[in-house]
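Spelled out, the chains give:
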Amino acid sequence: MQKIAVIGTGYVGLVSGTCFAEIGNRIICCDIDETKIASLRRGIVPIYEPGLKELIDKNTAAGRLLFTSDVGAAIEASDIVYIAVGTPMSETGEADMKYVKDVARKIGEHLNGYKIIVNKSTVPVGTGELVRQIVSNHRKYPSVHFDVVSNPEFLREGSAISDCMNMDRAVIGSSSDKASKAIADLHAPFGTRIYLTDLESAEMIKYAANAFLATKISFINAIANICERVGADVVQVSEGMGLDSRIGGKFLQAGIGYGGSCFPKDTFALAHIADQSGYDFELLKAVIRTNDKQRLIVTDKLKQAIGTIEGKRIAVLGLAFKPHTDDMRYAPSLTIVPEIVQLGASVSAFDPIATETAKPLLPESVRYCGTVEEALEGCDACVILTEWPEIVGMDLTRAKRLMNATVLIDGRNCISPLSVQQHGFTYHSVGRRPVNVVGSGLHTANF
Ligand SMILES: NC(=O)c1ccc[n+]([C@@H]2O[C@H](COP(=O)([O-])OP(=O)(O)OC[C@H]3O[C@@H](n4cnc5c(N)ncnc54)[C@H](O)[C@@H]3O)[C@@H](O)[C@H]2O)c1
Ligand SMILES: O=c1ccn([C@@H]2O[C@H](COP(=O)(O)OP(=O)(O)O[C@H]3O[C@H](CO)[C@@H](O)[C@H](O)[C@H]3O)[C@@H](O)[C@H]2O)c(=O)[nH]1
C-alpha cells in the first residue's frame, strides 16, 4: 500500500487516482478548485466518464480515496506525489506550463521527507528537469531528497477506467533506478507491461504516440476525400489496409477529424517543440492542416445536398468530441455549428450527455433537444457529428416521418448507407460509396 497524493482532479487525476485506490493504495486527490472538491466530497462526480462514479463510491467507502483542496497537506501526508494538472495550448501553440510550475513550487514548499514526484501531465521534453529545479529552489529543508519520474498517461476519455485498469503499457522514465522501481512496483497489480526509460524519452513517447495516432486519422481522412472523387469506399479501404498487421485497423475511421483535449493541443505542442529544436516537422503540420480542413466538409456537403442553407432548419446530432464523454474541448461541433448558424440556418441540437457543457460554447440561437426525434422534427437535413449509440441506432422510419426533407450527412460514417437508402434518405458520408457492394469484406480462403 502506497500513500499517494494526486494533484489535479480532472479527467486524468480523478481517473488514475481512483484506479490507484482500486488496486489497494491510499490516495488523496487534491485540486485548487474548491467547488470541484466540495462536489466530490458530496459524492457528485464533476465529469461524465462511464463507471467512474461507482468506482469512486466504492473506494471512498473503503477509506482508500480522499479529496481535499489543501494541496500542501496532501503532499506532506504522501510518499509519492503525482502531478496531473492541465497543460493547455497557449496562444502560440506550445503547452502552457503555468499549472505544472505552480505545483512544483508547492511540492518544494511542502517537501517534509523523501518523496517521488511523478509527472503524469503531457509536457514538453525537459519538464522533468524543470520540475527538479523548481522543487529544489523552493525546498524548505535543503537536506530532504526527492526523485523525479515521468509516467505519462495514455487513457482515452469515454473508456478511461477500462484503459487505466487494463493499460497497454506503463512508461516510466527517470534517472533514479530506485524511483523507477518504486513506480514499476506500484503498477504491478495492473499486470501491465512496464517500459523503463529516461525522463526525456518518456516525455517524448507521449507526444510521439499522440502525434502518430493523429497522423493515422488525417491520413485516412485524406484517403476518404480521394475515395469520394474516384469512386472507392473508405470503410472497405481502411478495413483492407488494417488487415496488414504492420498497419493495424485502429484509428483508421474516416470522418470530420479529431477533436478533444489532447490530439489538437499535443500535435501543436510537438510541432512547436520541433521548431524550437530547429527541425521543421512538415509532416505533423500537414496532419494539423488536414484535420482543420476536414471539419469544413460538413457545410460543403450540406450546401451540395440542400442548396442554400439560409432559412433552413438543421438537426445536429452529437456535440461532444467523441461518444461517452461530456468533454467539448476542441470538438468539431464548436466549428461546424457556428458555421451553420452563420450561414442563416436554425439549429436543433441533441447530445445525450454534453448539452450542458456545450451551451456556453455555442451560439445562443441553438435549440437543445432532449431526444433525437425532437431534434429531427421539421428539419431539412440531419448532420451527425458524434457517433453516440442512440444516434447510430436511431429509428430511420420515424426519422423520415418527422423530417421535412430526408437528407442525412453522416460525419462519422456510422450509419449503414444501404439502410438509410432503403429508408429513402439521400445519404452523404465521408468517403463511403453510396451502397455497399454485396458480398464484400473479409472471407475465409475457401469462400
Ligand atoms: N483528458 C485526457 O484524456 C488526457 C489523457 C492523457 C493525458 N492527459 C494530460 O493530462 C493532463 C491533465 O489533463 P486533464 O484532461 O485531466 O485536465 P483537466 O483540465 O480536466 O484537469 C486539470 C485539473 O488540475 C487542476 N489544477 C490546476 N492547477 C492546480 C494546482 N496548482 N493545484 C491543484 N490542482 C490544480 C484544475 O483545477 C483541474 O481540475 C494534461 O497534461 C493532459 O494533456 C489528458
Ligand atoms: O479512427 C479514429 C479514431 C479517433 N478519431 C477521433 O479522434 C479524437 C480522439 O479520440 P480518442 O483518441 O479515442 O480519444 P482521446 O480521449 O482524445 O484520447 C487520445 O488522447 C489522450 C490524451 O493524450 C491519450 O491519452 C489517448 O491515448 C488518445 O487516444 C476524437 O475526436 C475521435 O472522434 C477519429 O476521427 N478516427
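On a predicted model such as this, the values are computed, not experimentally measured, just so you know.

(A) Quick peek at the overall build of the chain. Scanning the chain from N- to C-terminus turns up 19 helices and 14 strands. Scaling as 2.2 N^0.38, a compact globule of 447 residues should have a C-alpha radius of gyration of about 22 Å, and the chain matches this with 24 Å. In terms of overall dimensions, the chain has a C-alpha envelope of 75 × 50 × 45 Å along the principal axes. The 447 residues of the chain split such that 53% are buried. Excluding contacts between residues fewer than 6 apart, the proportion of contacts in the chain whose partners are at least 24 apart in sequence is 73%. Per element, the accessible surface of the chain, about 19,800 Å² overall, is 53% carbon and sulfur. Each charge class in the chain can be summarised by its mean position, and for the 46 positive and 51 negative side chains these summaries are 2 Å apart.

(B) Spatial organisation of the site of ligand 1. Taken together, 26 residues form the shell around ligand 1, and within it Asp 31, Lys 36, Thr 87, Glu 157 and Lys 265 come nearest. Between ligand 1 and the protein, one listed contact pairs a nitrogen atom with a backbone N or O atom of Ile 32 at 3.4 Å. Within the side chain of Arg 329, an N or O atom sits 3.1 Å from an oxygen atom of ligand 1. Elements with a contribution of two residues or more to the shell around ligand 1: helix H1 (11-22) and helix H5 (98-109). Partitioning the shell around ligand 1 into residue classes produces ten nonpolar, eight polar and eight charged. For the shell around ligand 1, the domains that each give at least three residues are domain 1 (3-197) and domain 2 (206-293).

(C) Examining the UniProt feature "domain: UDP-glucose/GDP-mannose dehydrogenase C-terminal" (unreviewed entry) in the chain more closely. The sites that carry the UniProt feature "domain: UDP-glucose/GDP-mannose dehydrogenase C-terminal" (unreviewed entry) are, in the present numbering, residues 315-417. Note that residues 315-417 is 30% helix and 17% strand, and that its end C-alpha atoms are spaced 19 Å apart.

(D) The confidence of the model for the chain, seen in detail. With 97% of its residues at a pLDDT of 70 or more, the chain shows a mean pLDDT of 95. Model confidence for the complex: the whole-complex pTM is 0.96, and ipTM, which rates the interface, is 0.98.

(E) A look at the nonpolar core. By size, the foremost hydrophobic cluster in this structure holds 51 residues, and its most contacted members are Leu 317, Leu 376 and Met 394. Listed by contribution, the elements that provide at least two residues to this core are helix H13 (297-306), strand E9 (313-317), helix H14 (333-342), strand E10 (346-350), helix H16 (372-376), strand E12 (381-384), helix H18 (396-402) and strand E13 (407-410). Apart from the residues lying within four places of it in its own chain, the contact partners of Leu 317 are Phe 350, Val 372, Ala 375, Leu 376, Cys 382, Val 383, Ile 384, Leu 385, Thr 386, Ile 391 and Met 394. Membership of the second largest hydrophobic core comes to 39 residues, among which are Ala 74, Val 100, Val 131 and Tyr 258.

(F) Helix H12 (residues 282-294), seen in detail. In this model, H12 (13 residues) spans 18 Å end to end at C-alpha, consistent with the 18 Å of a helix rising 1.5 Å per residue. Taken as a whole, H12 has its buried residues at Leu 284, Val 287, Ile 288, Asn 291 and Gln 294. On an axial view of H12, the arc spanned by its buried residues comes to 130°, and they lie on one face. Relative to its buried face, H12 has exposed residues pointing more than 90 degrees away, namely Glu 282, Arg 289 and Lys 293. Tucked into the core, H12 has its buried residues touching helix H9 (199-230), helix H11 (263-277) and H13.

(G) Structural detail: the pairing of strand E4 (residues 80-83). The alternating pattern of E4 places Ile 80 and Tyr 82 and Val 81 and Ile 83 on opposite faces, both of which are buried. In terms of strand pairing, strand E1 (residues 3-7) meets E4 through four bridges, oriented parallel. Across the sheet, residue Ile 4 finds its bridge partner in E4, namely Ile 80. One ladder, built from four bridges, connects E4 with strand E5 (residues 115-119); its direction is parallel. From the neighbouring strand, Val 81 faces E5, where its bridge partner is Ile 117. Between E4 and its parallel partner E5, the chain crosses via H5, and the hand of that crossover is right-handed.

(H) Highlighting the domain arrangement of the chain. Taken domain by domain, the chain holds domain 1 (3-197), domain 2 (206-293) and domain 3 (295-428). Each of domain 2 and domain 3 was reduced to a C-alpha centroid, and the two centroids are 24 Å apart. Taken together, the contact pairs 16 residues of domain 2 with 17 residues of domain 3. Counting each side, the surface lost to burial between domain 2 and domain 3 is near 1,300 Å², with a carbon and sulfur contribution of 53%. Inspection of the domain 2/domain 3 interface yields one salt bridge. Glu 228 is the salt-bridge partner of Lys 301, the closest N and O atoms lying 2.6 Å from each other.

(I) Region of interest: the environment of Tyr 82. Along the chain, the position of Tyr 82 falls in strand E4. Leave out the neighbours within four places in its chain, and Tyr 82 touches Ile 4, Ala 5, Val 6, Ile 7, Phe 20, Val 118, Lys 120, Asn 151, Ile 183, Leu 186 and His 187. Within the structure, the side chain of Tyr 82 is placed 2.7 Å from the side chain of Asn 151, a separation counted as a polar contact.

(J) Representation of the sheet that holds strand E14 (residues 426-428) within the structure. Within the open sheet, the six strands sit side by side as E11-E10-E9-E12-E13-E14. Their pairing is parallel. Strands at the two margins of the open sheet, each flanked by one partner only, are strand E11 (367-368) and E14. Direction of pairing for E12 relative to E13: parallel, over a ladder of three bridges. From the neighbouring strand, Ile 384 faces E13, where its bridge partner is Asp 410.

(K) Up close: the side chain of Asp 351. By the element assignment, Asp 351 lies in the loop between E10 and helix H15 (355-358). Of the buried charged residues, Asp 351 lacks a salt bridge, with Arg 412 as the closest side chain of opposite charge at 9.8 Å. Among the polar contacts listed, one links the side chain of Asp 351 to the backbone nitrogen of Leu 319, at a separation of 2.7 Å. Within the local environment of Asp 351, its side chain forms a polar contact with the side chain of Trp 388, the two groups lying 3.0 Å apart. With near-sequence residues (within four places) excluded, Asp 351 lies in contact with Gly 318, Leu 319, Ala 320, Thr 386 and Trp 388.

Scoring rules and cut-offs
- Residues numbered from 1 in each chain as written.
- Chains lettered and ligands numbered in written order.
- Predicted model: local features only at pLDDT ≥ 70, side-chain atom pairs only at ≥ 80, totals over all residues.
- Heavy atoms only, no water.
- Helix = DSSP H or I, 4+ residues; strand = E, 2+ residues; numbered from the N terminus.
- Rg over C-alpha atoms; globule rule 2.2 N^0.38 Å.
- Buried < 20%, exposed > 50% of the residue type's maximum accessible area, 1.4 Å probe, protein only.
- Contact = heavy atoms within 4.5 Å.
- Areas by Shrake-Rupley, 256 points an atom, 1.4 Å probe, with all protein chains shown as cover.
- Lys, Arg positive; Asp, Glu negative; His and termini not counted.
- Charge placed at Lys NZ, Arg CZ, Asp CG, Glu CD.
- Near = heavy atom within 4 Å.
- Polar contact = N/O pair within 3.5 Å; in protein donor to acceptor, adjacent residues only side chain to side chain.
- Nonpolar A, V, L, I, M, F, W, Y, C, P; charged D, E, K, R; others polar.
- Domains from an automatic or database assignment.
- UniProt positions renumbered as here; feature names shortened; annotations may be inferred.
- pLDDT = per-residue confidence, 0-100.
- Core = buried A, V, L, I, M, F, W, Y, C linked by side-chain atoms within 4.5 Å.
- Expected span 1.5 Å × (residues − 1).
- Arc of directions from axis to C-beta.
- Pairing = 2+ DSSP bridges.
- Right-handed = clockwise from strand over helix to strand, strands pointing away.
- Buried area = accessible area lost by both parts, 1.4 Å probe.
- Salt bridge = Lys/Arg side-chain N within 4 Å of Asp/Glu carboxyl O.

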